[in-house]
Amino acid sequence: MKDPESRTVFAGVDGRTDTELPDWYRRKKTVDEPKSFAETIRDLPQAVETTVAYRNPYSDEWVETDRFNALVEPTRARDHATDDEPGADPLFHVPTDSYAIINPVDVYRPLEEVLREETIDGTPLDDVMFGEIRRYRGGGEVHMDVMFDGLEVRLPGRADPITMAVTSGYDFFGEHAVYVEGFAQDGYCSNSMRSLTDKEVIKHVGDVRDFRTWWEEILAQVELVADDLFEFIRDAQEIDLEFSELPFTVTEFYSLLGFPDYLAERAAEDAEANAASPFAIDMWTLHSGATYALTHFFQGKEGTSLDQYVRVANDILFNPEGTIERVERAYEEQLEADGDDGSQASLAGERALASIERVNEDLQANVEQFEAREEALRERFQQVTN
């Protein structure tokens, strides 16, 4: 992903906690002493409204208007008024007068309160929370991962866990006031598993809801995912794709799913390197290859441009039948686009589609199990949000 302008690693809600970063996370982050979450949030830029004027091109006069309000960072605005050499530009955005500002303390102070009350195995979440905050566009766009040491999935043969988390963020540019979704970090390979719950988004218009209740619901959903994630992974490990019998390579598998070539190549390299055999790769390893490519090599921005590929990657793990059907449709469309070069080519295409269809038929024994588990998880999500 695009490198942020700055990163801040945090551990513990505030200075009263004595939280240490987990060993697997500390090995991957070069940080001497992490800040507390509360301190980090309060250091983030804020936004306030101020009036806007436009220059009349005929009189060269500035005319104030109440149809728009500039969003500025107050500390930076003061520096520009008093310093001979001011720092960063205080202006974030000039929205219409229907825009509603939501500053980071409005969103994340209620999270601090919830974390002091919720527990994992009797330990308050504020003692085990850690993560990273990333700033873009002068601090007007922020993304963060909030992880919980001990809320995790451990796979056989791996020393480092998959740690459950939420990823959240906001901007002052009108795209979203704040979002949050379930997330996990695979300590074994540093892969980010995103969109493990539905993404909740609050826009810059209308009433702002009760953030405390919002956080309680999201954290409850993440705990439910933690309970089921091991089972999804175990089932996906039982489903192998025999690439020696399929009409496409591992790289082409990812391309047929819609990954751009540079991501498809990276995903295939990782999947083949971690599979017992490069000719028979299970769906968990294929999913891990996809998340590896997206975590370490995606060239776009965090947000919408990444989300579309995350959904495809997650389907490999949570919806293998839908993944194979998508590959089959894409391969069939590719054959039609290439056109028929005679009966021999047509026959080869039919055989290729038949081999993909056989894979789909072999999946049917597992499909009901995946669907039942996903439906049960959705029902539990609904219960915690009602």
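Keep in mind that what you see is a predicted model, and the values were worked out from it rather than measured.

It is worth spelling out the overall build of the chain at this point. On a plain count of helices and strands, the chain comes out with twelve helices and 14 strands. When burial is assessed residue by residue, the chain has 50% of its 386 residues classed as buried. For the chain, the accessible surface area stands at approximately 18,900 Å², while carbon and sulfur atoms represent 43% of it. Charge centroids of the chain, computed over 36 positive and 83 negative side chains, lie 4 Å from each other.

Our next topic: the sheet that holds strand E4 (residues 91-93). As summarised here, the arrangement of the three strands in space is E2-E3-E4, forming an open sheet in which the pairing is antiparallel. Since the sheet does not close on itself, it has two edges, and those belong to strand E2 (48-55) and E4, each with one partner. Pairwise comparison of adjacent strand axes, ignoring direction, gives a mean angle of 65° for this sheet. Bridge count between E2 and strand E3 (residues 62-72): eight bridges; the pairing is antiparallel. Of the residues in E3, the one forming a bridge with Thr51 is Asn69.

Here we come to the domain arrangement of the chain. When its domains are assigned, the chain resolves into domain 1 (6-44 + 102-220), domain 2 (48-93) and domain 3 (239-385). Its C-alpha centre places domain 2 at a distance of 50 Å from the equivalent point of domain 3.

What follows covers the pattern of salt bridges. Counted under the stated rule, the structure contains 23 salt bridges. Of the charged contacts, one joins Arg158 and Asp186 as a salt bridge, the two residues approaching to 2.8 Å between their closest N and O atoms. Residue Arg158 is located in the loop between strand E8 (141-153) and strand E9 (162-171), and its partner Asp186 is located in strand E10 (residues 178-186); the two are separated by 28 residues in the primary sequence. Relative accessible area serves as the criterion here: at 1%, Asp186 is assigned to the buried category. One network of salt bridges, in which partners are shared, links Arg7, Lys29, Glu132, Arg134, Asp145 and Glu302.

Residue placement: Glu33 occurs in the loop between helix H1 (23-28) and helix H2 (37-43). When its relative accessible area of 66% is taken as the criterion, Glu33 is described as exposed. With 34 residues separating them along the chain, Glu33 and Arg67 place their C-alpha atoms 46 Å apart.

A word on the side chain of Thr167. Considering the arrangement of structural elements, one finds Thr167 in strand E9. From its side chain, Thr167 meets the backbone oxygen of Met144 in a polar contact 3.1 Å long. At 3.0 Å, the side chain of Thr167 and the side chain of Asp145 are in polar contact. Excluding residues within four positions of it along the chain, Thr167 makes contact with Arg134, Met144, Asp145, Tyr179, Val180, Glu181, Phe183 and Arg194.

Moving on: the nonpolar core. Within the largest apolar cluster, 99 residues are counted, with the highest numbers of intra-cluster contacts made by Tyr108, Trp215, Phe253, Tyr254 and Leu286. The leading source of residues in this core is helix H6 (residues 211-237), at 13 residues. Both domain 1 (6-44 + 102-220) and domain 3 (239-385) contribute no fewer than three residues apiece to this core. Setting aside residues up to four positions removed in sequence, Trp215 forms contacts with Val107, Tyr108, Pro110, Leu111, Val114, Val166, Ser168 and Val180. Ala11, Leu21, Tyr25 and Met147 belong to the second-largest nonpolar core, a separate cluster that totals nine residues.

This part covers the pairing of E10. Burial within E10 is extensive, with nine of its nine residues counted as buried. Inspection of the sheet shows E9 paired to E10 by eight bridges, in the antiparallel sense. Counted as the bridge partner of Gly169 is Tyr179 from E10. Bridge count for E10 against strand E12 (residues 200-202) is three bridges, and the pairing is antiparallel. Looking at the pairing, Tyr179 lines up with Val201 of E12. Here E10 runs beside strand E11 (residues 191-193); their pairing, made up of three bridges, is antiparallel.

A surface patch of nonpolar side chains, amounting to about 220 Å² of accessible area, comprises Phe68, Leu91 and Val94. Tracing the chain through its elements places Leu91 in strand E4.

This part is about helix H4 (residues 104-117). For an α-helix, the turn length of 3.6 residues means that residues three or four places apart are oriented alike. With 14 residues, H4 extends 21 Å between its outermost C-alpha atoms, agreeing within 8% with the 20 Å of an ideal straight helix rising 1.5 Å per residue. Within the span of H4, buried status applies to Pro104, Val105, Val107, Tyr108, Pro110, Leu111, Glu112, Val114 and Leu115.

Attention now goes to unusual backbone geometry. Glycine aside, the phi torsion of most residues is negative, and most peptide linkages are trans. Although it is not a glycine, Arg137 sits at a positive phi angle of roughly 50°. Here Arg137 lies in the loop between strand E7 (129-136) and E8. The phi torsion at Ser190 lies on the positive side, around 65°, for a residue other than glycine.

So, how was this worked out
- Residues numbered from 1 in each chain as written.
- Predicted model: local features only at pLDDT ≥ 70, side-chain atom pairs only at ≥ 80, totals over all residues.
- Heavy atoms only, no water.
- Helix = DSSP H or I, 4+ residues; strand = E, 2+ residues; numbered from the N terminus.
- Buried < 20%, exposed > 50% of the residue type's maximum accessible area, 1.4 Å probe, protein only.
- Areas by Shrake-Rupley, 256 points an atom, 1.4 Å probe, with all protein chains shown as cover.
- Lys, Arg positive; Asp, Glu negative; His and termini not counted.
- Charge placed at Lys NZ, Arg CZ, Asp CG, Glu CD.
- Pairing = 2+ DSSP bridges.
- Axes fitted to C-alpha atoms, helices over the stretch in contact; angles between N-to-C directions.
- Domains from an automatic or database assignment.
- Salt bridge = Lys/Arg side-chain N within 4 Å of Asp/Glu carboxyl O.
- Polar contact = N/O pair within 3.5 Å; in protein donor to acceptor, adjacent residues only side chain to side chain.
- Contact = heavy atoms within 4.5 Å.
- Core = buried A, V, L, I, M, F, W, Y, C linked by side-chain atoms within 4.5 Å.
- Patch = residues over 30% accessible without salt bridge, like charges linked within 9 Å, V, L, I, M, F, W, Y side chains within 5 Å.
- Expected span 1.5 Å × (residues − 1).

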